[in-house]
Amino acid sequence: MQRLSPLGKLTKAKDTPPKLARKTAVKTILTIALIAWLWAIAVTSDTIGLDTDLRLQMAHAWWTGTEEVIITPDMTPKVRGDIRFGVMGAGGKRYIAYEVGQSMLMLPGDWVGTQLHRLFPAIDSFQWRTLAVNFLIFIPLNVAAVVACFWLLRLFNFDEQVAGLTSATLFLATTVLHYAQIPQHNNQLLLLVTLGYATALAYVHHRQRYFVLLSGLALGAALLIRSTSTLHVITVLLFLASCELYQSRNIAKTAQAIFLWFVGFLPLALLSRILDYWRYGNFWAAGKIVEKQQLTTDPMWNGLPDLPANYPFINHPSVGILGALFSPAKSIFLYDPLLIPCLVLGVVLWRKLHPFLKFYLVAGVINLGLHLLTYSRFVFWHGDAAWGARYHVTSVHLLLIPLFALFIQRLLHSRRLTAWVMRGLIALAIAIQLTSVAMPRQMEETQTLVGAPGSRLQFRLGQRAINIACLANSSISDRCPSQLPPKISDHLKEYNVISLLPFSFSQQANTQPTLAPSARVLWVIWGLVVAIAIVSTVLYLRPLFVPVA
């Protein structure tokens, strides 16, 4: 029996009995899921980030019947549009100006966390809720994203070993790992959009209509989570239409596939409009549109300085485009160092690639280009204190999925110097991602804001390496954060720590002695998780690092 490889060649398929093939596939899926689950737990922090905090606040308000926007006496808006103060919506209520999708995901976890606080009140309610949404919602979704990656690669006819190694390594060697720790939109969108591509391709392969309906449904869910997912909608549709037209050579069948896709897409897309109408009184309004409209009219901003005309779109497009590509602070090529070698390999192999893979890569490049263009004039094109250019990293992850599989495939068949260079690149990428989860993401930006030595060039990856070394031994340099004058070091103290959960919980136990036994138990559990994660990862990824005899 023959099958078409990702390189567009007919190759002899392994003569494996179907029952055994299913068994080995399940074993691979369980293995990569276990590795992703263990590492997602190991890198868990005590925080989910301000944006996700506010979305959790939204979820809590919905089921408790309280207000989304909570303004305490000590809160003062610092700038027009301060997101903590929300916007004026329908009925004169204030709403947090975010999409509702992530809050809908977090709602069950928020409820569980609230109940846990009632049982164990020694731990703060918000902390319980944060832990619950992390462990019950975000970690399983991160694992699902890895499995979805594996499925997509198998649909592209990568063999099981390559698909499994790629999916597991992609989680550890790209910024997917950081956004598993800080659960902003990125990894949830990665899951949904990957499923959108995979189910579209499954429809082309198997002609089962429910696949194309599921593809549309996945992108409808992505739209609920982030309104700019319309860019993903465009590229998934482009991929579906290209594959179907190539496969069937029939315009009518292609139109039918697109129609079915929209049947799946529209229910959740319409739900997003209905919910925004309920919140803002306008079917076409979104939170950020309302926020922009109210920058000069909301009484909450009285007395605050005016913002520039056209705020928040105030930059020349070159600022956001070149910044995301080449700036030392945010370059996608620095934070995901595998991108350049994978792109080079894709160009080298282009003529040999199967058309479906070419269509996907073209769609991926268009997707990245659309995101670069969309955020190019945005004042926060860089994503504030986020690690890397957070508005663009999901496009990078999507593009890397098959490119990194080609990289892994080439590595497994390379010898000597080429293989060692490729292994070195993977090791470097994993090391960079591990540094990203070691300390709070705000550390390097805060160093720049307070003028700490070494921050002028804003090479944040270099700063992070130095900061970690300084935590291990603060005497290695007088530029270490703890060695700086108090007027600088006091601003950095909050972030000059290890951000992993047992470290922060132990600090909390120092001020709350009743938590000390729990902290010790947490250290034991975390140590076991890390040990098992390292052993299982080394064993599974061994083919990548052990030279072929």
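Structure first, text after, so check above.
Bear in mind that the values here come from a model prediction, so they are computed numbers and not experimental data.

Draft legend 1. Layout of the pattern of salt bridges. A full pass over the atoms with the stated rule returns ten salt bridges. For Glu244, the salt bridge is made with Arg207, and the minimal N-O distance between the two is 2.8 Å. Of this pair, Glu244 sits in helix H9 (residues 230-248) while Arg207 sits in the loop between helix H7 (186-206) and helix H8 (209-225), and the two are 37 residues apart along the sequence. For Arg207, a relative accessible area of 38% corresponds to the partly exposed category.

Draft legend 2. Structural context of the state of the cysteines. A full pass over the atoms with the stated rule returns one disulfide. The closest cysteine sulfur to the non-disulfide-bonded Cys149 is located on Cys342, 12 Å from its own sulfur.

Draft legend 3. Focus on the packing of aromatic side chains. A complete count under the given rule lists 28 aromatic pairs for this structure. Consider the rings of Phe503 and Trp526, whose centres lie 5.9 Å apart with planes at 85 degrees: the pair is edge-to-face. On the criterion of sequence distance, the pair formed by Phe503 in helix H21 (residues 501-511) and Trp526 in helix H22 (residues 516-540) is long-range, its members being 23 residues apart. Looking at Trp526, the relative accessible area reads 17%, which means it is buried. Residues Trp523 and Trp526 carry aromatic rings whose centres are separated by 5.7 Å and whose planes lie at 90 degrees to one another, so their mutual orientation is edge-to-face. Of this pair, Trp523 and Trp526 both sit in helix H22, separated by three residues, roughly a single helical turn.

Draft legend 4. Molecular detail of the packing of helix H1 (residues 18-42) against H22. Between H1 and H22, whose axes approach to 9 Å, the crossing angle comes to 140 degrees. One element, H1, and the other, H22, form an angle in the oblique class. When the axes of H1 and H22 are compared, the crossing they make is left-handed. Residues Thr28, Thr31, Ile32, Ile35, Leu38, Trp39, Ile41 and Ala42 of H1 form the contact with H22, whose own contacting residues are Trp526, Val529, Val530, Ile532, Ala533, Ile534, Ser536, Thr537 and Tyr540. Of the residues in the contact of H1 with H22, the class split is 13 nonpolar, four polar and no charged.

Draft legend 5. Molecular detail of empty space enclosed by the protein. Tallied over the entire structure, the rule returns three cavities of 30 Å³ or more. In this structure, the largest cavity spans a volume of roughly 120 Å³. Along its surface, the largest cavity is lined by His185, Asn186, Leu189, Arg226, Thr228, Ser229, His232, His371, Tyr375, Arg390, Tyr391 and Thr394. Grouping the amino acids of the lining of the largest cavity by side-chain chemistry returns three nonpolar, seven polar and two charged. Approximately 80 Å³ is the volume attributed to the second largest cavity. What lines the second largest cavity is Ala145, Val146, Cys149, Ser167, Leu170, Phe171, Val176, Leu190, Thr194 and Ile401. Secondary-structure elements contributing two or more residues to the lining of the second largest cavity are helix H4 (125-155), helix H5 (160-173) and H7.

Draft legend 6. Region of the structure containing the packing of helix H17 (residues 416-438) against helix H19 (residues 460-472). For the pair H17 and H19, the least separation of the axes is 10 Å and the interaxial angle reads 65 degrees. Classified by the angle their axes make, H17 and H19 are roughly perpendicular. Judged by the twist between their axes, the crossing of H17 over H19 is left-handed. Across the interface between the two elements, Ile432, Thr435, Ser436 and Ala438 from H17 touch Leu461, Arg464 and Ile468 from H19. Looking at the contact of H17 with H19 residue by residue, the classes come out as four nonpolar, two polar and one charged.

Cut-offs applied
- Residues numbered from 1 in each chain as written.
- Predicted model: local features only at pLDDT ≥ 70, side-chain atom pairs only at ≥ 80, totals over all residues.
- Heavy atoms only, no water.
- Salt bridge = Lys/Arg side-chain N within 4 Å of Asp/Glu carboxyl O.
- Helix = DSSP H or I, 4+ residues; strand = E, 2+ residues; numbered from the N terminus.
- Buried < 20%, exposed > 50% of the residue type's maximum accessible area, 1.4 Å probe, protein only.
- Disulfide = S-S within 2.5 Å.
- Phe/Tyr/Trp six-rings, centres within 6.5 Å; stacked < 30°, edge-to-face > 60°.
- Axes fitted to C-alpha atoms, helices over the stretch in contact; angles between N-to-C directions.
- Parallel < 35°, antiparallel > 145°, perpendicular 65-115°, else oblique.
- Left-handed = near helix turned anticlockwise from the far one by under 90°.
- Contact = heavy atoms within 4.5 Å.
- Nonpolar A, V, L, I, M, F, W, Y, C, P; charged D, E, K, R; others polar.
- 1 Å grid on protein atoms, 1.4 Å probe; cavity = no way out; pocket = protein on both sides within 12 Å on 5 of 7 lines; lining within 4 Å.
- Points joined across faces, edges and corners; volume = space filled by probe spheres on them.

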